[in-house]
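Take a look at the letters that make up each chain.
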Amino acid sequence: FEEYSHTCNNDMQTQTTTTTSKVNNNNQCYRCESVAVRCDRESKIAVVSLNRPRYLNAINAQMWREIPVVFDALSEDEEVNAIVLTGEGKHFCAGIDVSSKESLFETLGDVENERDLGRRNEYLLRHIKRLQASVSSVERCRKPVVCMIKGACVGGGLDIAAACDIRMCDRTAFFSVKEVELGIVADIGSLQRLPSIVGQGRATELALTARTVKSDEAEKIGLVSKCYSDAEELERACVEVAKRMASLSPLAIQGTKRSLLNSRDSESVEKGLEYVALKNAAQLISDDLKESMNARFEKRKPVYSRL
């Protein structure tokens, strides 16, 4: 593998990208810090790694920006036909970064100082849509994406995994739709994508309970295609699948991916994302969210007001 060099734009709304093998019209090159990319030009596969192992690859503002930059670039790279997405270290992704209140509200949208309710809600709507677009860039990428999962795959991490085309894990993997534990509605894609992966009833139960699904159950319910005994076996399997897809007709592979997404009814996913974005723009920054976070940092059970 060779390193895939990027410099990620700091503004998620302007996502111009290139690869090391090509230079775009603006003669720019992009290097990312929170997302690492290695390419095997011979087999035409890329391995993308969420690269914050010290924080269990929890998603901070920078990673939200860099994910679409990387996947938009790989989508246009003619030397890459398939992608493996994983996380550096022992975990895939522990969700949004809640290591501090500042990190949390940077992701959720810090509008505490905005006194105009209309402007506050409009900002939150645009902010949520940018986060949704970040995760959707994985699904939107023309190349098939194999998700290699070990350790934690919860909250935002499960949103990302659900946007991949194929998911595989090892015995250390565990999964959870965690958002209700934070006092918020999951709004980045898991509620829209999981029903077509595990079924409506199962997705409903997981989303409303926030319970943990271990690797053996994940394989049983179809959340992952296969569970392997250890990380080495998992990596070999994921790379083998990616190489197999990369060796086939890229026209057929990319057309098949688009057809499968279309048959799932991508319009309903888009409508679902639009609905939850509007809903959370109106109620995301709530007393329930503040109580959830205060309880987390004070190591106590949250107490919510009646509704």
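Just so you know, these numbers come straight off a predicted model, no measurement behind them. (Residues numbered from 1 in each chain as written. Predicted model: local features only at pLDDT ≥ 70, side-chain atom pairs only at ≥ 80, totals over all residues. Heavy atoms only, no water.)

J.: How should the side chain of serine 49 be read in this particular structure?
T.: The topology assignment puts serine 49 in strand 5 (residues 45-50). Taking the relative accessible area as the measure of exposure, serine 49 reaches 4% and is therefore buried. Not counting chain neighbours up to four residues away, the residues in contact with serine 49 comprise Ser34, Val35, Ala36, Thr86 and Glu88. (Helix = DSSP H or I, 4+ residues; strand = E, 2+ residues; numbered from the N terminus. Buried < 20%, exposed > 50% of the residue type's maximum accessible area, 1.4 Å probe, protein only. Contact = heavy atoms within 4.5 Å.)

J.: Looking at this structure, I do not really get helix 1 (residues 61-76). What am I missing?
T.: Since one α-helical turn is 3.6 residues long, residues separated by three or four positions face the same way. Here helix 1 contains 16 residues, and its C-alpha end-to-end distance of 24 Å stays within 8% of the 22 Å for a straight helix at 1.5 Å per residue. In terms of burial, helix 1 is largely enclosed, as 13 of its 16 residues are buried. (Expected span 1.5 Å × (residues − 1).)

J.: Looking at this structure, how should I read unusual backbone geometry?
T.: Most peptide bonds take the trans form, and the phi angle of most residues other than glycine is negative. In this structure, leucine 56 takes a positive phi of about 60° despite not being glycine. Examined against the element boundaries, leucine 56 turns out to sit in the loop between strand 5 and helix 1. The class of leucine 56 is partly exposed, set by a relative accessible area of 38%. A positive phi angle, near 55°, is found at lysine 299, a position not held by glycine.

J.: I would appreciate a short explanation of the pairing of strand 5 in the present structure.
T.: Here is the key point about a regular strand: its side chains alternate between the two faces of the sheet. Burial within strand 5 is extensive, with six of its six residues counted as buried. Burial along strand 5 is two-sided: the face carrying Ile45, Val47 and Ser49 and the face carrying Ala46, Val48 and Leu50 are both buried. Remark: four residues form the turn of the hairpin made by strand 4 (residues 35-40) and strand 5, two consecutive strands paired antiparallel; lysine 44 in that turn has positive phi of roughly 65°. Pairing of strand 5 with strand 6 (residues 82-87), which is carried by six bridges, proceeds in the parallel orientation. Bridging from a neighbouring strand, valine 48 pairs with leucine 85 of strand 6. Crossover strand 5 to strand 6 through helix 1 is right-handed. (Pairing = 2+ DSSP bridges. Right-handed = clockwise from strand over helix to strand, strands pointing away.)

J.: How do you make sense of the side chain of arginine 193 when you look at a structure like this?
T.: Positionally, arginine 193 belongs in helix 5 (residues 190-198). Look past the residues within four positions of arginine 193 in its chain and what remains in contact with it is Val135, Ser136, Glu139, Ala162, Ala163, Ile188, Arg264, Val269 and Leu273.

J.: Mind showing me how you'd approach the packing of helix 1 against helix 3 (residues 117-140) here?
T.: Helix-helix packing is characterised by the crossing angle of the two axes and by the distance between the axes. Between helix 1 and helix 3, whose axes approach to 8 Å, the crossing angle comes to 25°. With respect to helix 3, the element helix 1 is oriented roughly parallel. As helix 1 packs across helix 3, the resulting crossing turns out to be left-handed. Across from Trp64, Ile67, Pro68, Phe71 and Asp72 in helix 1, the residues of helix 3 making contact are Leu131, Ser134, Val135, Ser137, Val138 and Arg140. Tallied by class, the residues present in the contact of helix 1 with helix 3 amount to seven nonpolar, two polar and two charged. (Axes fitted to C-alpha atoms, helices over the stretch in contact; angles between N-to-C directions. Parallel < 35°, antiparallel > 145°, perpendicular 65-115°, else oblique. Left-handed = near helix turned anticlockwise from the far one by under 90°. Nonpolar A, V, L, I, M, F, W, Y, C, P; charged D, E, K, R; others polar.)

J.: What should I look at first to understand the pattern of salt bridges in this one?
T.: When charged atoms on two side chains of opposite charge get close, those side chains can pair. Inspection of the entire model under this criterion finds 15 salt bridges. As a salt-bridge pair, aspartate 97 and arginine 52 come within 3.3 Å of each other at their nearest N and O atoms. Linking aspartate 97 in the loop between strand 6 and helix 2 (101-108) with arginine 52 in the loop between strand 5 and helix 1, this pair joins segments that are 45 residues apart in sequence. One exposure class covers both aspartate 97 and arginine 52, and it is buried. In this structure, the salt-bridge partner of glutamate 139 is arginine 264, at a minimum N-O distance of 2.8 Å. Placement of glutamate 139 in helix 3 and of arginine 264 in the loop between helix 9 (250-263) and helix 10 (266-283) is noted, with a sequence separation of 125 residues between them. Since its relative accessible area comes to 21%, arginine 264 is described here as partly exposed. (Salt bridge = Lys/Arg side-chain N within 4 Å of Asp/Glu carboxyl O.)

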